[in-house]
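# Fold and geometry: a report
This is what each chain is made of:
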Amino acid sequence: MTIVRHELRQGKLSFLIWTACVGFLLVVCVFLFPEMKGQMEGVSDMFSSMGAFSDAFGMDRLNFGTLTGFYAIECGNILGLGGALFASLCGAGILSREEKDRTAEFLLTHPVSRETVVTGKLAAVMGQVAGMNLVIYLLSVGSIAAVGETVPWRELNLLHLAYFFLQLELAGICFGVSAFLRKGSAGTGLGIAIMMYFLNLVANIAEAAEFLKNITPFGYTEGADIVNNGRLDGGRIAIGMVFMGAGIAAAYVKYGRKDIC
């Protein structure tokens, strides 16, 4: 628990800034909906006829004039990309931090095993991801109620659950990558998150690249699929959790054998 508390204190500022920024943008987006929904019928028709651009974001399969359609696209992109970047940064930097900050010697002289260190750091990462999602979910529900709209509980819960799985997967993958790094790894985390995001755009545009949806976690967070089907894609989520587990397992193996200086 000491390691968990220490890591949470170390990441407190980053957590507050990212949660505040993503939450603020999401609330602003929801508050814009009542002003825009009267004009959304024409916007939906325009977006649905924009070819590859519409396909990339699933805008041809949702009605922007409804709260669920508007939320799935606009708020979904904010939560998806913002949450992915935060989770990747948390995971990618936490195991390499000791070598970067020259504190490894102090940490590893204490009577704790390396497995305990990895477990504590992993718990801190997952705790920050879960905390961010809880705060943003509450802000989302509160902002929808504040603008006088009926909360679409089923769709809202499914969308937020999908993005939570996405963030857990990216955090686990980047956590594994962190064990192989010695210096700062913010760029690595950002690069992995952005690469996964664009792989999903490519999969949406080109039918030949649809298999990429089984690789990128954004493949199971498509708002159009979730809203229209009324469920999550369990198969793709299961593949994502395997990737997450592989990343975490790699972290335990590599960190346990790593020559840390």
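Residues numbered from 1 in each chain as written. Predicted model: local features only at pLDDT ≥ 70, side-chain atom pairs only at ≥ 80, totals over all residues. Heavy atoms only, no water.

### A closer look at the overall build of the protein chain
- Counting its regular elements, the protein chain contains 12 helices and zero strands.
- Shown N-terminal to C-terminal, the secondary structure of the protein chain runs as helices and strands in the order α-α-α-α-α-α-α-α-α-α-α-α.
- When the 261 residues of the protein chain are sorted by exposure, 48% land in the buried category.
- For the protein chain, restricting intrachain contacts to residue pairs at least 6 apart in sequence, the fraction spanning at least 24 positions comes to 77%. (Helix = DSSP H or I, 4+ residues; strand = E, 2+ residues; numbered from the N terminus. Buried < 20%, exposed > 50% of the residue type's maximum accessible area, 1.4 Å probe, protein only. Contact = heavy atoms within 4.5 Å.)

### Considerations on the packing of helix H9 (residues 153-178) against helix H10 (residues 186-205)
- Where H9 contacts H10, the axes come no closer than 10 Å and their chain directions differ by 140°. In terms of orientation, H9 lies oblique with respect to H10. Crossing geometry of H9 relative to H10 is assigned as right-handed. In contact with Leu-170, Cys-174 and Val-177 of H9, H10 contributes Thr-188, Gly-189, Ile-192, Ala-193 and Met-196. (Axes fitted to C-alpha atoms, helices over the stretch in contact; angles between N-to-C directions. Parallel < 35°, antiparallel > 145°, perpendicular 65-115°, else oblique. Left-handed = near helix turned anticlockwise from the far one by under 90°.)

### Description of the packing of helix H5 (residues 67-94) against helix H8 (residues 114-146)
- Following both chains from N to C, one finds H5 and H8 inclined at 160°, their axes separated by 11 Å at the closest point. Relative to H8, the element H5 lies roughly antiparallel. Relative to H8, the crossing made by H5 is right-handed. In this structure, H5 uses Leu-67, Tyr-71, Leu-79, Gly-82, Gly-83, Phe-86, Ala-87, Cys-90, Gly-91 and Ile-94 to contact H8, whose residues at the interface are Lys-121, Ala-124, Val-125, Gln-128, Val-129, Met-132, Ile-136, Ser-140 and Ile-144.

### Re helix H12 (residues 234-257)
- For H12, with 24 residues, the first-to-last C-alpha span of 35 Å sits near the 34 Å given by 1.5 Å per residue.
- For H12, the full list of buried residues reads Arg-236, Ile-237, Gly-240, Met-244, Gly-247, Ile-248, Ala-251 and Tyr-255.
- Where H12 begins, the side chain of Asp-233 points an oxygen toward the backbone nitrogen of Gly-235, at a separation of 3.2 Å. (Expected span 1.5 Å × (residues − 1). Polar contact = N/O pair within 3.5 Å; in protein donor to acceptor, adjacent residues only side chain to side chain.)

### Focus on the side chain of Lys-213
- Note that Lys-213 resides in the loop between H10 and helix H11 (223-229).
- On the accessibility criterion, Lys-213 (7% relative accessible area) is buried.
- Engagement of the side chain of Lys-213 in a polar contact is seen with the side chain of Asn-204, the distance being 2.7 Å.
- Not counting residues within four places of it along the chain, the set of residues in contact with Lys-213 comprises Asn-200, Ala-203, Asn-204, Gly-219, Glu-222 and Arg-236.

### Structural notes on the environment of Ser-88
- Relative to the helices and strands, Ser-88 resides in helix H5.
- Among all residues touching Ser-88, those that are not within four sequence positions of it are Leu-170, Cys-174, Gly-189 and Ala-193.

### Examining helix H2 (residues 12-36)
- For H2, spanning 25 residues, the distance from its first C-alpha to its last is 36 Å, which sits close to the expected 36 Å at 1.5 Å a residue.
- Restricting attention to buried positions, one finds in H2 the residues Phe-15, Thr-19, Val-22, Gly-23, Leu-26, Cys-29, Val-30 and Phe-33.

### A word on the nonpolar core
- Formed by 64 residues in total, the largest nonpolar core has its most connected members in Leu-26, Tyr-71, Leu-95, Met-126, Ile-144, Leu-170 and Phe-175.
- Of all the secondary structure elements, the ones that give two or more residues to this core are H2, H5, H8, H9, H10, H11 and H12.
- Element by element, the count of residues in this core is highest for H5, at 14 residues.
- Residue contacts for Leu-170: discarding those within four places in its chain leaves Ala-84, Ser-88, Ile-192, Ala-193, Met-196 and Pro-217. (Core = buried A, V, L, I, M, F, W, Y, C linked by side-chain atoms within 4.5 Å.)

### Quick word on the pattern of salt bridges
- Going through the model one piece at a time under the given rule, you end up with three salt bridges.
- Residue Lys-213 is joined to Glu-222 by a salt bridge in which the shortest nitrogen-to-oxygen separation is 3.3 Å. Taken as a pair, Lys-213 and Glu-222 share a single burial class, namely buried. (Salt bridge = Lys/Arg side-chain N within 4 Å of Asp/Glu carboxyl O.)

### With respect to the state of the cysteines
- Applying the stated rule across the entire model yields zero disulfides.
- Looking at Cys-90, it has no disulfide partner, and the nearest cysteine sulfur is the one in Cys-174, 9.9 Å off. (Disulfide = S-S within 2.5 Å.)

### A word on a nonpolar patch on the surface
- Side chains of Phe-24, Leu-25, Val-28, Leu-32 and Met-36 sit close together on the surface and give an oily, nonpolar patch of about 430 Å² of accessible area.
- Looking at where Met-36 falls in the secondary structure, it is placed in helix H2. (Patch = residues over 30% accessible without salt bridge, like charges linked within 9 Å, V, L, I, M, F, W, Y side chains within 5 Å. Areas by Shrake-Rupley, 256 points an atom, 1.4 Å probe, with all protein chains shown as cover.)

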